[in-house]
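# Commentary on secondary and tertiary structure
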Amino acid sequence: MSTEPQVPAEDDLPEQLRIRREKRVNLIDRGIEPYPVSVPRTHSLAAVREKYKDLETDTATGDQASLVGRIIFKRDTGKLCFATLREGDGTEIQAMLSLDKVGQEQLDAWKSDVDLGDIVSVTGEIITSKRGELSLLANTWAMASKSLRPLPNDHKPMSEETRVRMRYVDLIVRPEARTVARLRPQVMRSLRETFTSQEFIEVETPMLQVMHGGAAARPFKTFSNAYDIDLFLRIAPELFLKRCVAGGLERVFEINRNFRNEGADSSHSPEFAMIETYQAFGDWRTIADLTRSLIQNAAKAVSGSHVVTHMNGREADLGGQWKEISLYDAISEGVGETVTALTPIAELKKYATKLGMKIDPKWVTGKLAEEIFEHVAQDKLIEPTFVMGYPVDTSPLVRAHREIPGVVEKWDLYVDGFELATGYSELVDPVIQRERLIEQAELGAKGDLEAMQLDEDFLRAMEFGMPPMGGMGMGVDRLLMALTGLGIRETILFPLVKPETD
RNA sequence: GGGCCUAUAGCUCAGUCGGUAGAGCAACGGACUUUUAAUCCGUGGGUCGACGGUUCGAGCCCGUCUGGGCCCA
């Protein structure tokens, strides 16, 4: 079965598709190339807009230009035709074709050959119209690329499914889609600049891994013919970045794709871009400072200040020092009793039941505590908030808290109610690390599909001596969400969608 | 995994009580030398997601499946 869109036999085509195909054939029959190798273009539309921005109404400049753009608006009248050309950055300029400039033959051809969505080249004089619109008054025109499909209605937004399945059309018709597409590289550049300014170096570690580790998640599995072994698409780069730090690359980061074989919804995608970074001789506090500067600099890069404006108009202030709360204090407040990492699971279950939560019997004590926290507090975590101090049994790669028993030096950063980043004082004791990973392997043997595997090579690296370090992971797509207020499928150009079926 | 909503023209959507399928934009033919979602006259365009069932008759009711969305676990 092909996943290509099926084009039915010619005579079965919907009317509008059939007519456009006939127009293409008609062009060829008249010796006109519908897809020429090149067309005249002397200026970008943006350059013309910039140069003539102060031109008064109804002015003829005498300046000649050849402009190219996609027709997004077209109005044919008897002897004077108007069309709006749009180029990639969204800049638009009007083209005007009048009988006395282009002649009857070219005017008729324009009316019959050109449709909304076609890409055309027009050559003529830069003018402003009687209504003040900056325009090119054509002497001649040429087809640059004939569109065989009608553009969607410009005045009604496309459904979300159509936008995602046909992002190219979304980009043509919706300025916000192009804005978001350009926002991502701005953020990426800002992140790399912040890292570089603090002497972090970017490394690239394997995406195909012999064993999956570094996070609790189900992996995608694949197979190497050459090595005759199963491979996993990585769920996290953590264990390789720590190998780098062991080797003396003291400050490293990686921005790249992770893959998790789990559900997809408005904040989860099976493949997603992730930042991970490790700083030798740092800890969870220094890495929190780094995280804040990464996010605040990104906000400044896209909006000019630490206050970002979401697509729905809401303003979010990401500036200043951020609030810190203790996980167990928040739980205690939520249930009205003192809860610590040492509170027995039976008591936690009692509190959870009283809150009306459904309890998964597979949850360990720490997992239950985290679930209670999310239940009582997540909705309140709108302004940026570091949630400090997580249970040890859900965090096998984190160092024990230097004061609080049963707790590790781990924070989660929440913004707009979702988890944006997580940071640790990393566990570097190879003996304790081995014990924790063996516990994970036992969970895996018992059927926990998210448990980590025992990575002997990683442990060997740690046994050579890893410096104390802080580490952090942050979802790039989620950072985009925090900066724009959009859902994850809007921040990813081509999110995974199930194939269309006929 | 469970619940609810949803699928109709190229796009966005209506469709009442089960009785010949509708609108706007888009398209096609015509008029118009300053239009900005122009206006005016005329025209065409549908396997109503798929498969079954009930019925004299199904876009509508029932079942199954597929895609999409939301909520819950």
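Residues numbered from 1 in each chain as written. Chains lettered and ligands numbered in written order. Predicted model: local features only at pLDDT ≥ 70, side-chain atom pairs only at ≥ 80, totals over all residues. Heavy atoms only, no water.

### Comments concerning a negative patch on the surface
Quick reminder of the rule: For patch building, the residue pool is restricted to those with more than 30% relative accessible area and no salt bridge; the joining distance is 9 Å between like charges and 5 Å between nonpolar side chains (Val, Leu, Ile, Met, Phe, Trp, Tyr). Working definition of accessibility: Shrake-Rupley area with a 1.4 Å probe, residue cover restricted to the visible protein chains. Here, a salt bridge means any side-chain nitrogen of Lys or Arg that lies within 4 Å of a carboxyl oxygen of Asp or Glu. We score Asp and Glu as negative and Lys and Arg as positive, and we do not count His or the chain ends. Note that the charge is assigned to NZ on lysines, CZ on arginines, CG on aspartates and CD on glutamates. Put simply, DSSP H or I for four residues or longer makes a helix, DSSP E for two residues or longer makes a strand, and each gets a number counted from the N terminus. The cut-offs for exposure are 20% and 50% of the maximum accessible area for each residue type, with area from a 1.4 Å probe on protein chains only; residues under the lower value are buried, those over the upper are exposed, and the others partly exposed.
A surface patch of negative charge is lined by Asp-393, Asp-429, Glu-435, Glu-439 and Glu-442. Considering the arrangement of structural elements, one finds Glu-442 in helix 12 (residues 430-445). You can call Glu-442 partly exposed: its relative accessible area is 46%.

### Quick word on the domain arrangement of chain A
This is how it is decided: In this entry, domain limits derive from an automatic or database-based domain assignment. Should any heavy atoms of two residues lie within 4.5 Å, those residues are counted as being in contact. The term buried area refers to how much accessible surface (probe radius 1.4 Å) is lost by two components on association, counted for both of them together. Contacts described as polar in this section are N or O atom pairs within 3.5 Å, which, within protein, must combine one atom able to donate a hydrogen with one able to accept it, while residues neighboring in sequence count only if both atoms come from side chains. Here the term charged refers only to Asp, Glu, Lys and Arg, the term nonpolar to Ala, Val, Leu, Ile, Met, Phe, Trp, Tyr, Cys and Pro, and the term polar to all other amino acids, Gly among them.
The domain boundaries assigned to chain A delineate domain 1 (16-145) and domain 2 (171-322 + 383-491). Placing a centre on the C-alpha atoms of domain 1 and another on those of domain 2 gives a separation of 49 Å. Facing the five residues of domain 1 at the interface are four residues of domain 2. Across the domain 1/domain 2 interface, buried area totals approximately 370 Å², and carbon plus sulfur atoms make up 45% of it. Area buried by domain 1 at its contact with domain 2 is led by Arg-70, Arg-86 and Gly-88, which between them contribute 76% of it. Counting the contacts that link domain 1 with domain 2 gives zero salt bridges. The tally of links from domain 1 across to domain 2 stands at two residue pairs in polar contact (both at pLDDT 80 or more). Considering only residue class, the side of domain 1 that touches domain 2 consists of no nonpolar, two polar and three charged.

### Quick word on the sheet that holds strand 11 (residues 271-280)
The cut-off we apply is this: For two strands to pair, DSSP has to find at least two bridges joining them. The angle between two axes is taken between their N-to-C directions and runs from 0 to 180 degrees, where each axis is a line fitted to C-alpha atoms and a helix contributes only its stretch in contact.
Spatially, eight strands are ordered 6-10-11-18-17-16-15-14 in an open sheet, and the strand pairing comes out mixed. Of all the strands in the sheet, the pair left with one neighbour each is strand 6 (201-202) and strand 14 (323-326). Pairing analysis gives six bridges linking strand 16 (residues 407-415) to strand 17 (residues 418-425), with the strands arranged antiparallel. Paired with Leu-413 across the two strands is Ala-421, which belongs to strand 17. Helix 8 (residues 284-303) rests against strand 11, strand 14, strand 15 (385-391), strand 16, strand 17 and strand 18 (469-475) of the sheet, and its axis sits at about 15° to strand 16.

### With respect to helix 9 (residues 327-335)
Within helix 9, the full set of buried residues consists of Leu-327, Tyr-328, Ala-330, Ile-331, Ser-332 and Val-335. Between a side-chain oxygen at the N-terminus of helix 9 and the backbone nitrogen of Tyr-328 the separation is 3.3 Å; the capping residue is Ser-326.

### Here we look at the sheet that holds strand 4 (residues 119-128)
Strand order in the closed barrel formed by five strands is 1-2-3-5-4, with mixed pairing between adjacent strands. Pairs of neighbouring strands in the sheet enclose a mean axial angle of 50°, with direction left out of account. Relative to strand 2 (residues 80-86), strand 1 (residues 60-76) is paired through six bridges, and the arrangement is antiparallel. Each bridged residue has a counterpart across the sheet, and for Lys-74 the counterpart in strand 2 is Ala-83.

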